[in-house]
Amino acid sequence: MKHHNKIPGILLSVAVGSLAYWLGKFFPVVGSAVIALALGFGLNLVISDKSQIKEGLSFSSKKLLRWGIILLGATLNIQQIVQVGIYSLNVMIFTLASAFGFGYLFGKLLKINWKMSSLISAGTGICGGSAIAAIAPVIDADDSDIAYAIAATFMFDMVMIILFPILGRAMGLSDISFGLWAGTAVNDTSSVLATGYAYSDVAGEFATIVKLTRTLAIIPITLIFAGIGVKNKVKEAGPTRSANLGSYIKTITPWFILLFIGLAIINSIGMIPTALAPYFKPLSKFCMAIAMVAIGLNTDFDKIKKSGMNPMILGFLVSLIVVVVSIAVQSYLGIK
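Criteria and thresholds
- Residues numbered from 1 in each chain as written.
- Predicted model: local features only at pLDDT ≥ 70, side-chain atom pairs only at ≥ 80, totals over all residues.
- Heavy atoms only, no water.
- Helix = DSSP H or I, 4+ residues; strand = E, 2+ residues; numbered from the N terminus.
- Buried < 20%, exposed > 50% of the residue type's maximum accessible area, 1.4 Å probe, protein only.
- Areas by Shrake-Rupley, 256 points an atom, 1.4 Å probe, with all protein chains shown as cover.
- 1 Å grid on protein atoms, 1.4 Å probe; cavity = no way out; pocket = protein on both sides within 12 Å on 5 of 7 lines; lining within 4 Å.
- Points joined across faces, edges and corners; volume = space filled by probe spheres on them.
- Nonpolar A, V, L, I, M, F, W, Y, C, P; charged D, E, K, R; others polar.
- Contact = heavy atoms within 4.5 Å.
- Core = buried A, V, L, I, M, F, W, Y, C linked by side-chain atoms within 4.5 Å.
- Phe/Tyr/Trp six-rings, centres within 6.5 Å; stacked < 30°, edge-to-face > 60°.
- Patch = residues over 30% accessible without salt bridge, like charges linked within 9 Å, V, L, I, M, F, W, Y side chains within 5 Å.
- Salt bridge = Lys/Arg side-chain N within 4 Å of Asp/Glu carboxyl O.
- Axes fitted to C-alpha atoms, helices over the stretch in contact; angles between N-to-C directions.
- Left-handed = near helix turned anticlockwise from the far one by under 90°.
- Expected span 1.5 Å × (residues − 1).
- Parallel < 35°, antiparallel > 145°, perpendicular 65-115°, else oblique.

Enquirer: Whenever I open this one, the overall build of the protein chain confuses me. Can you help?
Expert: When its secondary structure is counted, the protein chain shows 16 helices and zero strands. Relative to its 336 residues, the protein chain shows a buried fraction of 51%. Here the protein chain displays about 15700 Å² of accessible surface, and carbon together with sulfur accounts for 69% of that area.

Below you can see the structure in the form of structure tokens.
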């Protein structure tokens, strides 16, 4: 009977997620994940009684989110990434440190809960929705936190797509320098592609590889946050060491990251059949779209209202800092 209770919510998530995935092909700059989240928000406002779909939504927003990340691993080529990574490593270290360091600092000043501020920092510093999706399960983030974090990072991506090529030409950046800037400072992969190719084909290709390199930061960052999650739970449990602690640790252990790494390695050594390789990326996007619909439907709008504009302000501040740090480090290193 338990499984039957999940079916209505899963079917609704899959149906609307399919529509979002299809629309994402026509609006690639926006992307299927953001469209799915928006559709989920819309349904959330229309459907007042969610008791029949609650279990299915929970399954879709958590399990399918992780599978979307796992399948993303099959789109990465570690050998190619390492080559570009050596060139862009210094810039990425500084942008990641800035995103999480200033994200934590401004999050405290703006009185934003650490889960939401961490998700915004991850989305800005690593790779938008994918990073948010990877970290959310290990810190036990609410769907409302996930939804707000994705909305915050998406809004500033749209601004960057327009401004970056204009600023790049005004500063006289080379194709490689611009590609490195876009690849380390713009958040979501689709936005990086749009920004890079708006400058030139060379800039677009280089920005894409830098962005994929940046995506690998999901691995260490997720493991770090898993450790933080366990530490906080131990602190909450106190000297009694709650009996639920073991099950909690098992729940947040990022096993999906191990599968993500495994698929990336398998793809890098050419073990994924050529006929199957093109299907992993769209399948990953499809899983993410379904999950985002469920997250939109599960979002507590009252909680978002209480959060106010501060998370959006945090997203703006962290994005601005990452943009400035990326170009400043390039300038210091003499990358042209």
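Enquirer: Would you mind going over the environment of M155 with me for this structure?
Expert: With respect to the helices, strands and loops of the structure, M155 is situated in helix α7 (residues 143-170). Each C-alpha atom, one on M155 and one on M312, is 9.0 Å from the other, the two residues being 157 residues apart in sequence.

Enquirer: Quick question: what am I supposed to make of the layout of surface pockets here?
Expert: One way to see where empty space is left: roll a probe the size of a water molecule over the atoms. Roughly 820 Å³ of volume is contained in the largest pocket. Broken down by secondary-structure element, the contributors of at least two residues to the lining of the largest pocket are α1 (2-26), α2 (32-46), α3 (54-72), α6 (129-138), α7, α9 (189-199), α10 (201-215) and α14 (277-298). For the lining of the largest pocket, the leading source of residues is α14, giving six residues. Broken down by class, the residue content of the lining of the largest pocket amounts to 18 nonpolar, 16 polar and six charged.

Enquirer: Help me understand the side chain of S284, please; the structure alone is not making it clear to me.
Expert: With respect to the element layout, S284 can be found in helix α14. A relative accessible area of 5% means that S284 is categorised as buried. With near-sequence residues (within four places) excluded, S284 lies in contact with G68, L71 and L72.

Enquirer: Would you take a moment to explain the nonpolar core for this structure?
Expert: Formed by 82 residues in total, the largest nonpolar core has its most connected members in L119, I126 and F164. Considering every element that reaches this core, the biggest residue donor is α14, with 10 residues. Ignoring anything within four residues of it in the chain, the contact list for I126 reads L96, F100, S121, A131, N187, K211, R214, T215, A217, I218 and I221. Core analysis: the second largest hydrophobic core is formed by seven residues, V91, L180, I321 and V325 among them.

Enquirer: Got a minute to help me understand the packing of aromatic side chains in this structure?
Expert: Aromatic rings considered in pairs are described by the distance between their centres and by the relative angle of their planes. Tallying each qualifying case throughout the model produces nine aromatic pairs. Ring geometry for F164 versus W181: centroids 4.0 Å apart, planes at 20°, classification stacked. Pair noted here: F164 is in helix α7 and W181 is in helix α8 (residues 175-185), with a separation of 17 residues, a long-range link. The same class applies to F164 and to W181, which are both buried. A ring pair is formed by F178 and Y199, whose centres lie 3.9 Å apart and whose planes are at 10°; its orientation type is stacked.

Enquirer: Can you walk me through a nonpolar patch on the surface in this structure?
Expert: Together, V159, I162, L163, I166, L167 and M171 make up an exposed nonpolar region whose accessible area comes to about 550 Å². As for its position among the elements, V159 is in helix α7. Its relative accessible area of 40% is what places V159 among the partly exposed residues.

Enquirer: Explain the packing of helix α5 (residues 114-127) against helix α16 (residues 310-333) to me, please; I cannot follow it from the model alone.
Expert: Two numbers describe how α5 lies on α16: the axes approach to 10 Å, and their chain directions differ by 35°. You can see that α5 and α16 cross each other, and the crossing is right-handed. Mapping the contact onto sequence places M116, S117, I120 and T124 in α5 and P311, L314, G315, V318, S319 and V322 in α16. For the contact of α5 with α16, the class distribution of residues is six nonpolar, four polar and no charged.

Enquirer: Got a minute to help me understand α3 in this structure?
Expert: Along an α-helix, a turn takes 3.6 residues, which lines up residues three or four apart on a common side. Taking 1.5 Å per residue, 19 residues should reach 27 Å; α3 reaches 27 Å between its end C-alpha atoms and fits that length. Within α3, the full set of buried residues consists of G56, L57, S60, S61, L64, L65, R66, G68, I69, I70, L71 and L72.

Enquirer: Looking at this model, I keep getting lost on unusual backbone geometry. Mind explaining?
Expert: Negative phi characterises most residues that are not glycine, and trans characterises most peptide bonds. Here K111, not a glycine, exhibits a phi torsion of approximately 60°, which is positive. With respect to the helices and strands, the residue K111 is situated in the loop between α4 (78-109) and α5. Taking relative accessible area as the criterion, K111 reaches 77% and is therefore assigned exposed. For D140, which is not glycine, the phi torsion reads 55° and is therefore positive. Here D140 lies in the loop between α6 and α7. For D140, a relative accessible area of 43% gives the class partly exposed.

Enquirer: What is the right way to look at the packing of α8 against α9 in this model?
Expert: For any two helices packed against each other, the geometry is given by the interaxial angle and the distance between the axes. Packing of α8 against α9 leaves a shortest axis separation of 9 Å and a crossing angle of 165°. Comparing their axes, α9 and α8 come out roughly antiparallel. You can see that α8 and α9 cross each other, and the crossing is right-handed. Across from D175, F178, A182 and G183 in α8, the residues of α9 making contact are V192, T195, G196 and Y199. Grouping the amino acids of the contact of α8 with α9 by side-chain chemistry returns four nonpolar, three polar and one charged.

Enquirer: Can you help me understand the environment of L283 in this one?
Expert: Its location among the elements puts L283 in helix α14. Exposure remark for L283: the relative accessible area of 41% places this residue in the partly exposed category. The sequence separation of L283 and Y21 amounts to 262 residues, and the corresponding C-alpha distance is 9.9 Å.

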